[in-house]
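Structural description and commentary
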Amino acid sequence: MTETLERKQSMTKLKNFEWFCPQPFMNTVINHDGAKKPCCVLKAWPGGRHSLDKSAESYPQDEMDVMDVHHTKFMKRFREEFMNADKPTPLIDKHCLVCREQERLAPTESHRLVYLDKFDEEHGEYREHTEDLESYIDTDMSEPFYLTMEYNAPNNFCNLKCHMCGPYNSSTFAKENEALGLTEGKGMGSSWLNGRTWVNDEDDMDKYEDIIKNLIEMKLVGGETLALPQNYDMMDKAIDMGVSGQMRLVITTNATLTPKMGKYGDIFDYVPHFKTCQMNISIECWGEKNNYIRFPSKWELIMKNVRRFAEMPRTRILFATCVSSLNIGYLNEVADGVDILQEETPDIYNDFATGSLVIGGANLYVVTAIPHDIREQYLDKIYSVVKPHHTQTFMKLASYLTDMEWDEELHNKMMIDVEKRDKYRGTCLTDVFPEWKPYYGNL
Ligand code: SF4
């Protein structure tokens with residue numbers, strides 16, 4: 001008893017670190033191209049064909065398993081930076097751009113803080129693992145401590161081509177880029193795609209056994225998650241190992257397809273094997289505007305599927321949006337739509353929360369591409385129609401609109417992109433978002 005108390009007192013506490021993030025210690029993201037990284041929002045992470053260490057003996061990540069990558073000097077340095085924030089943090093500064101930027105603009109809101117809050121000793125979703133994580137970081141970390149995993153199958157099939165997406169995550173977007181002669185940016189030149197529009201490689205699930213056996217959360221993403229055979233193989237693995245009942249299954253889906261693709265059937269047949277399930281429904285707006293950005297989806301079909309997902313056992317639904325130049329002025333409609341569903345069935349639908357800020361890399365649909373007059377209209381809307389219980393979320397969006405600098409060059413590139421895609425798709429931005437009229441058709 002005294003020994004346990006002494007151990008607890010001497011243990012490094014997460015809250016004592018200045019800028020800690022749990023992800024590099026307990027989460028792994030397997031990328032389409034075989035890269036392994038600690039979270040999905042990291043920027044400029046080396047691709048799967050590249051090694052993380054520069055030494056001659058190091059291997060490309062796609063030839064290494066999760067623990068090989070965990071043991072690289074690079075990953076050790078990355079983890080150390082979170083534990084020594086008073087020293088220079090070159091890897092964090094480079095790769096954690098999204099969180100750094102989110103916290104610069106709104107100090108209480110970032111992916112990092114969301115993940116950290118899960119380990120809050122009082123209310124955190126993973127609070128029963130907080131002590132284990134604290135004792136783990138006091139070890140040499142040679143053993144795995146992976147509680148959560150995000151699996152991006154080596155398959156970029158998706159039936160949609162959302163504006164802020166790219167060829168790397170959508171074969172349909174890649175095909176459109178090919179038809180439009182757009183060969184640069186947004187992953188078109190990635191060594192994984194290597195000139196192809198659709199990649200669908202086999203993956204051996206046996207190599208993930210060591211990680212799967214300890215998971216409390218398995219997250220499957222896409223492409224379109226529910227249309228990738230590898231995702232059903234991954235769920236089969238967890239079920240057949242007898243460990244699916246210990247984990248939450250998290251599926252990110254555009255909710256437009258529910259194929260019978262696995263040996264147990266469709267997603268409705270798989271979910272009952274897991275402890276709980278969360279369906280993250282990717283939308284950008286509520287209703288018709290969503291059909292425009294997440295082209296060519298149909299809102300009625302999405303909502304029909306969402307209502308079916310809501311009937312699955314032990315399942316919760318989260319509507320997840322990006323924050324982009326096209327939807328930032330309309331997220332209040334998503335918040336209101338979710339409020340109505342919550343009133344109908346309070347135990348099923350999670351609170352509205354905006355997802356990732358579209359920023360950096362080859363992204364065109366960034367808040368910086370919105371001209372000042374349109375920003376004014378969006379800010380007026382935020383200040384006049386947002387319901388009081390959403391204030392915190394929308395103040396974050398207001399600070400993006402106020403503080404993110406206007407980038408005229410990016411704006412021009414975005415308008416060219418919109419117009420090209422509109423012409424090809426037979427759509428028109430200003431039919432759906434009329435505030436862009438002064439800038440449309442001029443280039
Ligand atoms: S700080 Fe942000 S970007 Fe960096 S690992 Fe954590 S969640 Fe990912």
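So, a few notes on the structure that sits alongside this text. (Residues numbered from 1 in each chain as written. Predicted model: local features only at pLDDT ≥ 70, side-chain atom pairs only at ≥ 80, totals over all residues.)

**As for the nonpolar core**
- In this structure, L249, V334, V358, Y365 and L397 are the most contacted members of the largest nonpolar core, which totals 87 residues.
- Among the domains, domain 1 (14–146) and domain 2 (151–438) are the pair contributing at least three residues each to this core.
- Here L397 is in contact with V323, I328, L331, T354 and I382, once residues within four sequence places are set aside.
- Formed by six residues, the second largest nonpolar core is a distinct cluster that contains L14, F20, C21 and F119. (Core = buried A, V, L, I, M, F, W, Y, C linked by C-beta atoms within 7 Å. Buried ≥ 20, exposed ≤ 12 C-beta atoms within 10 Å, placed from the backbone. Domains from an automatic or database assignment. Contact = placed C-beta atoms within 7 Å.)

**Topic: the site of the ligand**
- With respect to spatial proximity, 13 residues lie near the ligand, and among them C21, C39, C96, C99 and R112 are the closest.
- Counting only elements with at least two residues in the shell around the ligand, the list comes to α2 (23–26), α6 (97–105) and α7 (111–117).
- Per-element tally for the shell around the ligand: the top contributor is α7, with three residues. (Near = placed C-beta within 6 Å. Helix = DSSP H or I, 4+ residues; strand = E, 2+ residues; numbered from the N terminus.)

**Looking at the pairing of strand β4 (residues 217–221)**
- By the criterion of burial, β4 is predominantly enclosed, with five of the five residues buried.
- Neither face of β4 is open: one carries E217, K219 and V221, the other M218 and L220, and all of them are buried.
- Bridge analysis of strand β3 (residues 148–152) against β4 gives five bridges, and the strand direction is parallel. Within β4, the position partnered with T148 by the bridge is E217. (Pairing = 2+ DSSP bridges.)

**Re the packing of helix α16 (residues 372–385) against helix α17 (residues 391–403)**
- The N-to-C vectors of α16 and α17 enclose an angle of 160 degrees; their axes lie 10 Å apart at closest approach. Looking at the two axes, α16 sits roughly antiparallel to α17. Between α16 and α17 lies a crossing whose hand is left-handed. Together, R375, Y378, L379 and I382 of α16 and F394, L397, A398 and L401 of α17 make up the contact between the two elements.
- Here the residues of the contact of α16 with α17 are counted per class, giving seven nonpolar, no polar and one charged. (Axes fitted to C-alpha atoms, helices over the stretch in contact; angles between N-to-C directions. Parallel < 35°, antiparallel > 145°, perpendicular 65-115°, else oblique. Left-handed = near helix turned anticlockwise from the far one by under 90°. Nonpolar A, V, L, I, M, F, W, Y, C, P; charged D, E, K, R; others polar.)

**Side note on the packing of helix α9 (residues 171–180) against helix α18 (residues 408–425)**
- Direction vectors running N to C along α9 and α18 enclose 95 degrees, while the axes themselves pass 11 Å from each other. Taken together, the axes of α9 and α18 lie roughly perpendicular to each other. Here α9 contributes E176, A179 and L180 to the contact with α18, which in turn contributes K420, R421 and Y424.
- For the contact of α9 with α18, the residue count by class is three nonpolar, no polar and three charged.

**Some thoughts on the sheet that holds strand β7 (residues 315–323)**
- Pairing is mixed in the open sheet, where eight strands are placed in the order β2-β1-β3-β4-β5-β6-β7-β8. Each edge of the sheet is formed by a strand with only one pairing partner; in this case those strands are β2 (36–37) and β8 (353–357).
- In this sheet, β7 lies alongside strand β6 (residues 276–282) in parallel orientation, the contact comprising six bridges. What sits directly across from S282, in β7, is A320.

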